[in-house]
Amino acid sequence: DSDDWIETDMYAYLLGLLEQNEADIAEIMLDVAHGEDHNMSQPDERVRSFEGDDILIHYFEHNEFAMGLRLYKREIFARLRFDRGRMNEDVVGGFLALKAARRLVVSNRLMYYYYSNPVGVSESPLRKCDFDLLYAGERLDELTATNTDATVRRLAMTKKHRGPFTLLVKMALFGCSNELDKQTVKRELQAATRSNYGLLMASGMPINRKVMLTAACYCYPLLAAAGLAYRAVRRVR
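The structure presented is a predicted model; accordingly, all values stated were derived computationally and were not measured. (Residues numbered from 1 in each chain as written. Predicted model: local features only at pLDDT ≥ 70, side-chain atom pairs only at ≥ 80, totals over all residues. Heavy atoms only, no water.)

Engineer: Would you explain the packing of aromatic side chains in this entry?
Structural biologist: A ring pair, where both rings are aromatic, is described by two values, the distance of the centres and the angle of the planes. Using the criterion set out here, one finds seven aromatic pairs in the structure. With a centroid separation of 5.7 Å and 20° between ring planes, the pair formed by tryptophan 5 and tyrosine 113 is classed as stacked. Placement of the pair is tryptophan 5 in strand β1 (residues 5-6) and tyrosine 113 in strand β5 (residues 103-115), with a sequence separation of 108 residues. Overall, tryptophan 5 belongs to the partly exposed group, its relative accessible area being 26%. According to the relative accessible area criterion, tyrosine 113 is buried, its value standing at 5%. Taken together, a centroid distance of 5.9 Å and an interplanar angle of 40° make the contact between phenylalanine 60 and phenylalanine 95 tilted. Of this pair, phenylalanine 60 sits in helix α2 (residues 53-62) while phenylalanine 95 sits in helix α3 (residues 89-99), placing them 35 residues apart in sequence. The class for phenylalanine 60 is buried, based on a relative accessible area of 7%. For phenylalanine 95, a relative accessible area of 0% corresponds to the buried category. By way of ring pairs, the aromatic residues Tyr59, Phe60, Phe65 and Phe95 are connected into one cluster. Geometry around tyrosine 135 places arginine 86 over its ring, the cationic atom sitting 3.6 Å from the centre. (Phe/Tyr/Trp six-rings, centres within 6.5 Å; stacked < 30°, edge-to-face > 60°. Helix = DSSP H or I, 4+ residues; strand = E, 2+ residues; numbered from the N terminus. Buried < 20%, exposed > 50% of the residue type's maximum accessible area, 1.4 Å probe, protein only. Lys NZ or Arg CZ within 6 Å of the ring centre and 35° of its normal.)

Function cannot be inferred from these measures alone, as they are strictly geometric.
Here it is in C-alpha cells:
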C-alpha cells in the first residue's frame, strides 16, 4: 500500500530465507503502526518451514492475507493471475500462490509496517466493493472442496462464514456509505452471521472477537456505540 513501509533489508532477508531453506516462498511478519515514529521491539528470531497442506493451514490460521509480506519464486506466478476489478483479490491470490508452493519458510521478524490510516480504505464506510470479501470466501470454499485434509476444509469454511461478520463489524465501526441501504444490509449480514454463530464461536478467534461476534448478532447497538467511541479516539490521535 502507498502509505505502508518496510525495513530496508526486508527483501535481502527474504531472499536469504528462500536460498537457505530451499523454499519457494518466504514470509515475514507485519506490525500495525499509527505513525512514522512507530516504535516496536524485535522478537528473537524464529524460522519455521511448512510443506503440503501445512502451508495452507498456516495461511488460514495466521489470518494475515497480505501478499506483500512474502517473496516468491517466479515459477509460482507462471499460471497465477489476480481477479480483475475486485477488492480482496490477494485473499484468493495468496491461497493459489501458497497452494503451488512445495515449501514455505516463515520468520517471526517484524519487517513490514501497515499504517493504520483513519482516512484510508480499510477505515472507510462500508461500500459495495467491500462485499468482494464474500466472493473471496466462496472461492476459497470452492478451491478446497476436494482437499482431503479436514483441517484445511474446516479453516476454509470458517473463513467463508466469517465474511459477513467482518463486514458487519466494519459497518458498526466506520458507518455505511450512501450507496447501500443500511437497514437492509445490516439485516442480511446479521442473518448470515447468526446462522454460523456456533461455528464461529467454536473457531480459533480470540476472545475479544468472540465478544464482538456476540454483540454483532444479538446486541448491535452496543457494537455501534463501540464504533462511535473508536472513531472519536482515532480523531483525537
